[in-house]
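# Observations on the three-dimensional arrangement
Given next are the chains, with one letter for each unit.
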Amino acid sequence: MYFDLSKFALFHWYKEQIYGTLISGEIVRFNVVESYLLELYFESDSCSNLRSKLISLGLTANETEKFIAKFLNNNENFLSLQDCAYSLPMITGEKGKSYPLEFHVSLTNKCFLKCKHCYKGDILKPKELDFNKLVDFLNHFIGKVPLITLSGGEPTLYRHFNELIDELSKNFLISFSTSGFKIAPKKGNALIELGRNVQVSLYYDNPLEHDSFTQVKGSFKSTTNFIRSCIARGHQVSVTTLFQNDTKKLYDTIAYCAQLGVSNVAVGEITNIGRASNQHFYAKDFTRVVNNAKRDFENIIPIYFEEQGENLQLSCLGCIAGTLLWSIFEDGDIYGCGIGKIDYMKIGTINELPIEQISDNSSFLERMQIATGTSNGSNRVQCPFKK
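Just so it is clear, the model here is predicted, and its values are computed rather than measured.

### Some points on helix α10 (residues 286–296)
Among all positions of α10, only Phe286, Val289, Val290 and Ala293 are buried. An end-on view of α10 places all buried positions within 95° of arc, on one side of the element. Contacts from the buried residues of α10 go to α9 (247–260), β12 (264–268) and β13 (303–305).

What follows is the structure, given as structure tokens:
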């Protein structure tokens with residue numbers, strides 16, 4: 001017998017624990033004991049060999065069976081047994097180290113749209129990452145950090161977009177976060193053909209409200225045409241949308257995405273910074289409404305929290321900021337969170353060498369705990385961007 005790991009895209013070591021990324025994009029955390037069991041299984045190649053290894057470590061045959069059965073029961077939603085061997089998904093990170101699972105890279109702050117909620121605010125000085133410095137930095141993490149999400153602004157406005165894709169696709173799994181608006185054919189084809197996953201922002205199910213929110217006429221038509229083009233070529237499209245205190249409008253948007261053939265919908269919460277700072281977008285029932293949407297659309301389309309890492313609560317902010325996720329801004333600065341810059345959340349910059357000094361972010365985590373008053377083991381603090 002073998003573990004059926006077909007729902008997993010990869011496994012990632014972070015310190016003493018393994019985090020599994022499902023094909024759907026969700027992250028599953030295994031506790032220290034479960035991670036050790038998985039580690040033994042990776043070395044054993046089958047359940048029978050795993051049993052022999054556990055018995056050699058001092059467990060009885062009965063204890064071994066109970067141990068494996070409990071492990072499977074605790075993870076029954078995504079793990080089971082099967083008769084045939086299954087090739088192991090990619091295993092990244094390094095046990096005992098704190099390499100992130102993903103880099104979120106803001107290639108440029110340039111964008112076609114002027115979305116009312118955008119945390120970039122009004123862009124007076126266009127910026128973009130230095131291509132050579134970015135590639136040199138990311139190459140240091142080959143085999144350690146598996147996922148890269150290219151974002152912006154609008155990532156396809158980055159001058160070296162196609163060149164960067166060619167370079168990074170050799171060693172990383174790449175996702176894109178795009179508006180899907182006015183994408184040049186050459187860049188659009190490169191994005192679509194490579195696309196492990198294309199994440200497109202769609203805020204309403206109709207042009208009137210969507211275009212009003214993006215403040216650009218014709219954005220709904222352009223974005224939905226792009227979504228249809230991706231799906232027609234057989235590629236997965238994830239839509240990110242926002243909850244703005246109107247449950248019916250959210251449900252209408254989700255239903256429209258299902259009609260388009262979108263793979264899943266991630267619902268985000270608007271943060272009170274940038275253009276949103278005076279818009280009063282705060283959604284008091286965000287968690288309840290999204291959980292209800294997950295239930296109501298269970299058999300139609302998967303629904304996720306956009307910041308689904310919040311369920312993991314790895315940092316004192318109750319999310320994965322600076323732990324499984326690092327964000328690289330368009331000026332080269334690296335922060336634990338991609339929404340905004342706070343001094344205690346800065347990890348480093350791609351413009352500084354040696355890179356090894358920021359490869360292990362333990363000092364960043366300690367600094368963040370001291371700054372937030374959580375170094376004594378107290379409860380997590382509220383995210384500064386959601387106050």
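### Things to note about unusual backbone geometry
Residue Gly153 is reached from Gly152 by a cis peptide bond, and omega for that bond is 15°. With a phi angle near 80°, Asp45 is a residue other than glycine that sits in the positive phi range. Secondary-structure assignment places Asp45 in the loop between α1 (32–44) and α2 (47–56). Residue class for Asp45 comes out exposed when judged on its relative accessible area of 59%. In the Ramachandran plot, Gln215 falls in the positive-phi region, its phi being about 60° despite a non-glycine side chain. By the element assignment, Gln215 lies in the loop between α7 (207–214) and α8 (219–232). Taking relative accessible area as the criterion, Gln215 reaches 46% and is therefore assigned partly exposed.

### Topic: the pattern of salt bridges
Charged atoms that come close allow side chains of opposite charge to pair. Applying the stated criterion across every chain yields a total of 13 salt bridges. Glu65 is the salt-bridge partner of Arg51, the closest N and O atoms lying 2.6 Å from each other. Of this pair, Arg51 sits in helix α2 while Glu65 is found in helix α3 (residues 61–74), placing the two residues 14 residues apart along the sequence. You can call Glu65 partly exposed: its relative accessible area is 39%. Salt bridges here are not isolated pairs; linked through shared partners, they connect Asp331, Asp333, Lys341 and Lys346.

### Some words on the pairing of strand β10 (residues 197–201)
Counting buried residues along β10, four of its five residues qualify, which places the element largely inside the surrounding structure. Relative to strand β11 (residues 237–242), β10 runs parallel, the two sharing four bridges. By the bridge assignment, Val200 is partnered in β11 with Val239.

### Topic: the sheet that holds strand β2 (residues 8–14)
If you trace the four strands from one edge of the open sheet to the other, you get β4-β3-β2-β6, paired in mixed fashion. Across the chains shown, the open sheet's two edge strands, defined by having one partner strand only, are β4 (27–29) and β6 (90–93). Ignoring which end each strand starts from, the neighbouring axes of this sheet average 25° apart. Where β2 and β6 come together, four bridges link them in parallel fashion. Bridge pairing links His12 to Thr92 in β6. Along the sheet face, α1 touches β2, β3 (17–22), β4 and β6 and points at about 75° away from the line of β3.

### Things to note about the packing of α1 against α3
Relative to each other, α1 and α3 sit at 110°, their axes nearing to 11 Å. With respect to their mutual orientation, α1 and α3 come out roughly perpendicular. For the crossing formed where α1 meets α3, the hand is left-handed. Of α3, the residues touching α1 (which contributes Val33, Glu34, Leu37 and Leu38) are Phe67, Phe71 and Asn74.

### Describing α1
With 13 residues, α1 extends 18 Å between its outermost C-alpha atoms, agreeing within 8% with the 18 Å of an ideal straight helix rising 1.5 Å per residue. Buried within α1 we find Glu34, Ser35, Leu37, Leu38, Glu39, Leu40, Tyr41, Phe42 and Ser44. The backbone nitrogen of Val33 has a side-chain oxygen 3.1 Å away, supplied by the residue at the start of α1, namely Asn31. Phi turns positive, to about 80°, at Asp45, one or two residues after α1.

Analysis parameters
Residues numbered from 1 in each chain as written. Predicted model: local features only at pLDDT ≥ 70, side-chain atom pairs only at ≥ 80, totals over all residues. Heavy atoms only, no water. Buried < 20%, exposed > 50% of the residue type's maximum accessible area, 1.4 Å probe, protein only. Helix = DSSP H or I, 4+ residues; strand = E, 2+ residues; numbered from the N terminus. Arc of directions from axis to C-beta. Contact = heavy atoms within 4.5 Å. Salt bridge = Lys/Arg side-chain N within 4 Å of Asp/Glu carboxyl O. Pairing = 2+ DSSP bridges. Axes fitted to C-alpha atoms, helices over the stretch in contact; angles between N-to-C directions. Parallel < 35°, antiparallel > 145°, perpendicular 65-115°, else oblique. Left-handed = near helix turned anticlockwise from the far one by under 90°. Expected span 1.5 Å × (residues − 1). Polar contact = N/O pair within 3.5 Å; in protein donor to acceptor, adjacent residues only side chain to side chain.

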